[in-house]
Amino acid sequence: MTTDILVLGAGMVGVSTALALRQRGHRVLLVDRKSPGRETSYGNAGMIQREAVMPYAFPRDWRALWRVALGQGNDVHYHLRAMPALLPRLARYWMNSAPKAYAPVAQAYSQLIAHCLSEHEAWIGAADAGDLVQRQGWLQGYRTPALFDAARAQAQAVAQAHGLSVDMLEGPALSAALPGLRGGLLAGAVHWKDPWSVSDPGELVERYAALFLRMGGQFKQGDASTLRQDGNGWSVQTADGRVEAQHAVLALGPWADAATRALGYRLPLFIKRGYHRHYAMDRPLRLPLLDTEQGVMLAPMKRGLRLTTGAEFAALDAPATPVQLAQAERSTRQLFELGAGVEPQPWLGARPCTVDMKPVIGAAPRHAGLWFNFGHAHQGFTLGPASGRLLAELIGGEAPYVDPAPFSPRRFDAA
């Protein structure tokens, strides 16, 4: 079998890339070992974060670093045995988080994320997925008044600089936004009003994939490790035999490091693992809430209240250590009446990250017809359609709607 383009990876980024390519008339085969939306895209907090114009920087305050090193707090956990391999990349992450280096990173990042809602909007409508989407924003909550005051000032500055809508909720307004909240535990919350939330992230990816199939695209189960350069093109083994194409796109999320290494690349990638579990709740939240100081996102979902944790630095295949989730459950029970866990075991996934906080989007430096679209860290769900469009434009030779240079894989060769 032959086609024009192979897209390897059926998460939000891969499916969105396949959609954008198919929209432009290319014959596209989407390949994954699992059904669309069953891996990383399944497990996130389900938010399309228009306000996330500033990527997560590495803490620069030595007190915050010391707190992490001592295992204090719940936003970061790490496996000691994983640190020797991770430290060189975390050091580069730390250096790129310095103010002078971070400024151009945030500038480029904000240009791409500015299109996240409009790009999702088109596919949500075409996929008849509006029932999954709420357009009321989310809350960034604080327990400590001084931290809330500092967040208020920063949020207002960011909102003004980027044309975002934000409110500050305290007292009765906060209680009205969060029915069931136990009084006095939250000093206040920043209400980011532009973002959208999704009640089942995996199902949204599934609906996008179903739209892709209705548009004439194809999906087959296969393993990205079987990707080979054949003559002037590429091939991959699927459940129905080997498929050849002129182009191949690696949209493999946390598995991109292994796939690119097999082809001779040494990109500075790493992962942040994370956990979630659903809980029954008699009075469901109206809006997602980040309990900032506890490092846990409370996201209302079809299956219940999804608690999602912060970052765990560990090997991709290391055994699960859901200590953050256990603490998240305890801290959430301080705020709300929380029922039993829905699943017997928590879900574990991994966020694909780069040392400069920007995704990798563009042509592979040393292989004709090979393209990269990965490394979106916390924002793969948000940026899938925006980065998918950008890559489709590059493959088709169109004028890109966003400057692609900051996201090019070649930036690491230059470094």
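Attention in this report is confined to the structure presented alongside it.

About the criteria used
Every chain is numbered on its own, with residues counted from 1 as its sequence reads. Per-residue local features of the predicted model are confined to residues with pLDDT of at least 70, and side-chain atom pairs are confined, for both listing and counting, to 80 or more; whole-chain, interface and lining totals are unaffected and use all residues. Only heavy atoms go into the side-chain values, all of them from the structure, while hydrogens and water stay out. Any Phe, Tyr or Trp ring, taking Trp's six-membered ring, that has another such ring centre within 6.5 Å forms a pair; planes under 30 degrees apart are called stacked, those over 60 apart edge-to-face, and the others tilted. Burial classification: accessible surface area is computed with a 1.4 Å probe over protein chains only, and a residue below 20% of its type maximum counts as buried, one above 50% as exposed, and the rest as partly exposed. Any Lys NZ or Arg CZ that is within 6 Å of a ring centre and within 35 degrees of that ring's normal is treated as a charge sitting over the ring. Secondary structure elements follow DSSP: runs of H or I of four or more residues count as helices, runs of E of two or more count as strands, with numbering from the N terminus. Given a helix with a known number of residues, its expected span is that number minus one, times 1.5 Å. In this scheme, strands are said to pair when DSSP sees at least two bridges between them.

Attention now moves to the packing of aromatic side chains. Under the defined criterion, the tally for this structure stands at 7 aromatic pairs. With centroids separated by 6.4 Å and ring planes inclined at 40 degrees, the aromatic side chains of tyrosine 142 and phenylalanine 148 adopt a geometry described as tilted. As far as the burial class goes, tyrosine 142 and phenylalanine 148 line up, both buried. Cluster of aromatic residues (ring-pair linked, three or more members): Phe58, Tyr93, Phe270 and Phe313. Across from the ring centre of tryptophan 94, 3.9 Å away, lies the NZ or CZ of arginine 60, which sits over that ring. Taking NZ or CZ as reference, arginine 306 lies 5.5 Å from the ring centre of tyrosine 42, over its face.

At 3.6 residues per turn, the α-helix brings residues three or four places apart onto the same side. Between its first and last C-alpha, helix H11 (residues 380-396) extends 22 Å over 17 residues, near the 24 Å set by a 1.5 Å rise per residue. Glycine 397 lies just past H11 and shows a positive phi near 75 degrees.

Moving on, we come to the sheet that holds strand S3 (residues 47-48). Strand order in the open sheet formed by 3 strands is S3-S9-S5, and the pairing between neighbours is antiparallel. Edge strands, defined here as strands with exactly one partner in the open sheet, are S3 and strand S5 (133-134). As judged from the 2 bridges shared by S5 and strand S9 (residues 196-198), these two strands associate in the antiparallel manner. Across the sheet, residue valine 133 finds its bridge partner in S9, namely valine 198.

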